[in-house]
Amino acid sequence: MKRRGLFVTFEGIEGSGKSTQLRLLAAWLRKHDISCVVTREPGGTRAGDAIRTIFLGPSGHGLDPWAELFLVEAARAQHLEEVVRPALAAGRVVLCDRFTDSTLAYQGSGRGLPQPVIRRLHRLPALRPAPYVRHSKVEGAHSDAAPAILVFVPAYRGLPAFLQHCIHLRDN
């Protein structure tokens with residue numbers, strides 16, 4: 001049986017250390033011969049990077065919140081199609097700097113768009129897989145979604161369990 005990949009997203013405020021932790025985990029995985037892909041949102045593809053430039057650059061100032069949301073989601077659809085789904089299908093670990101939680105925070109809470117609408121968008125086939133959380137009911141989670149890890153404990157306690165899971169993926 002072919003193993004499924006693992007989709008891990010890093011979320012948090014600016015300067016919280018997401019990118020640093022992602023790089024450290026990628027280095028650890030590679031050191032232990034576990035194939036991984038490091039990517040980010042918005043971006044991660046040619047089209048996504050072009051959208052990121054519009055969205056985060058000077059031409060993005062004054063964008064309507066809905067236009068901003070649809071740009072982010074367009075970049076995500078391309079990212080999932082070109083990078084995430086193929087890597088997961090190949091059984092790789094995908095480490096992604098930001099994903100749907102950032103959209104809920106920035107476009108939902110930050111720009112005042114209704115979060116239930118954003119969550120419904122994330123259930124569209126083009127915007128899946130949404131991380132599947134084993135011990136928590138997640139709206140819109142599907143059996144074909146990639147497994148992910150949600151840690152509610154301090155990282156120094158959760159990280160060893162995650163690393164053991166990665167070794168299990170490599171060895172099976």
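Owing to the predicted nature of the structure, the values given are computational and were not obtained by experimental measurement.

Novice: Give me the lowdown on the pattern of salt bridges, citing residues and values where you can.
Specialist: In the structure shown here, the tally under the stated rule is five salt bridges. Here E41 ties to R76 by a salt bridge, and the two come within 2.7 Å at their closest N and O atoms. Of the two residues, E41 is situated in the loop between β2 (36-40) and α2 (46-56) and R76 in helix α3 (residues 65-89); the sequence distance between them amounts to 35 residues. Using a relative accessible area of 5% as the deciding quantity, one classes E41 as buried. A salt bridge links R76 to E73; the nearest nitrogen and oxygen atoms lie 2.8 Å apart. Of this pair, R76 and E73 both sit in helix α3, three residues apart, which is roughly one turn of that helix.

Novice: Any details on α2? Residues and values, ideally.
Specialist: All of the buried residues along α2 are G48, I51 and F55. Down the axis of α2, the sector holding all buried residues measures 60 degrees, keeping them to one side. Residues of α2 that are exposed and angled more than 90 degrees away from the buried face: R46 and T53. On the buried face of α2, the contacting elements are α3 and α4 (100-110).

Novice: Can you tell me about the confidence of the model for the protein, naming the residues and giving the values?
Specialist: The predicted model of the protein has a mean per-residue pLDDT of 79, with 73% of residues at 70 or higher. In the predicted structure, residues 130-154 sits below a pLDDT of 50 and forms 37 contacts with residues beyond four places in sequence or in another chain.

Novice: Provide a residue-level description of the packing of α2 against α3, including the pertinent values.
Specialist: Taken N-terminus to C-terminus, the directions of α2 and α3 make an angle of 160 degrees; their axes are 8 Å apart at the nearest point. In terms of orientation, α2 and α3 fall into the roughly antiparallel class. The chirality of how α2 crosses α3 is left-handed. Between α2, through A47, G48, I51, I54 and F55, and α3, the contact on the second element is made entirely by E68, L71, V72, A74, A75 and Q78. Counted by class, the contact of α2 with α3 contains eight nonpolar, two polar and one charged residues.

Novice: Report on the pairing of strand β3 (residues 93-97), specifying residues and quantitative values.
Specialist: Here β3 lies mainly inside the structure; five of its five residues are buried. The alternating pattern of β3 places V93, L95 and D97 on one face and V94 and C96 on the opposite face, and all of these are buried. Sheet topology note: the β2/β3 ladder contains five bridges and is parallel. Residue pairing in the sheet places V37 in a bridge with V94 of β3.

So, how was this worked out
- Residues numbered from 1 in each chain as written.
- Predicted model: local features only at pLDDT ≥ 70, side-chain atom pairs only at ≥ 80, totals over all residues.
- Heavy atoms only, no water.
- Salt bridge = Lys/Arg side-chain N within 4 Å of Asp/Glu carboxyl O.
- Helix = DSSP H or I, 4+ residues; strand = E, 2+ residues; numbered from the N terminus.
- Buried < 20%, exposed > 50% of the residue type's maximum accessible area, 1.4 Å probe, protein only.
- Arc of directions from axis to C-beta.
- Contact = heavy atoms within 4.5 Å.
- pLDDT = per-residue confidence, 0-100.
- Axes fitted to C-alpha atoms, helices over the stretch in contact; angles between N-to-C directions.
- Parallel < 35°, antiparallel > 145°, perpendicular 65-115°, else oblique.
- Left-handed = near helix turned anticlockwise from the far one by under 90°.
- Nonpolar A, V, L, I, M, F, W, Y, C, P; charged D, E, K, R; others polar.
- Pairing = 2+ DSSP bridges.

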